[in-house]
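Coordinate inspection notes
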Amino acid sequence: ITDMDFFRSPQVMQSLEGMFGDCFLCRTPDDQLAVTAPTAIYAPERSFDMRSKGFHLDIFHNTYLDGWERAMPAGFKKYWSEKAKFTLPSADGICPIVAKN
């Protein structure tokens, strides 16, 4: 059972559009991703069970991974260059946040 008002809220709808907009790294989220990403970012208290079940999405937001664990190193660009780009190498040099000159 889920609160559809949360997932239909302007904040969630706008963030999904922003996160999964028109780029090759982005896609229209499927049902699972559409309910997982907003919950992990905006309401981690609703997704506390994910990690206990072995799901480590490592969604970076405000220096935290999945809303719980502090990302090290702090700062998205440092975290990207030292860790994340090795997990998603096809995005290296293309991600608009870290590819800026």
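What counts, and where the lines are drawn
- Residues numbered from 1 in each chain as written.
- Predicted model: local features only at pLDDT ≥ 70, side-chain atom pairs only at ≥ 80, totals over all residues.
- Heavy atoms only, no water.
- Helix = DSSP H or I, 4+ residues; strand = E, 2+ residues; numbered from the N terminus.
- Contact = heavy atoms within 4.5 Å.
- Areas by Shrake-Rupley, 256 points an atom, 1.4 Å probe, with all protein chains shown as cover.
- Expected span 1.5 Å × (residues − 1).
- Buried < 20%, exposed > 50% of the residue type's maximum accessible area, 1.4 Å probe, protein only.
- Arc of directions from axis to C-beta.

From N to C terminus, the protein includes five helices and three strands. Along the chain direction, N to C, the helices and strands of the protein fall in the order α-α-α-α-β-β-β-α. A separation threshold of at least 6 residues defines the contact pool for the protein, and within that pool the share at least 24 residues apart is 24%. A total of about 7200 Å² of accessible surface is found on the protein, and carbon and sulfur atoms cover 56% of it.

The first and last C-alpha atoms of helix 5 (residues 76-87) sit only 14 Å apart over twelve residues, clearly below the 16 Å expected at 1.5 Å per residue. When helix 5 is considered as a whole, its buried residues turn out to be Tyr-79, Trp-80 and Ala-84. Summarising the axial view, the buried residues of helix 5 lie within an arc of 100°, below the 170-degree limit, and thus occupy one face. Relative to its buried face, helix 5 has exposed residues pointing more than 90 degrees away, namely Lys-78 and Phe-86. Buried residues in helix 5 make contact with strand 1 (60-61) and strand 2 (64-65).

Without other data, these values stay purely geometric and don't point to any function.
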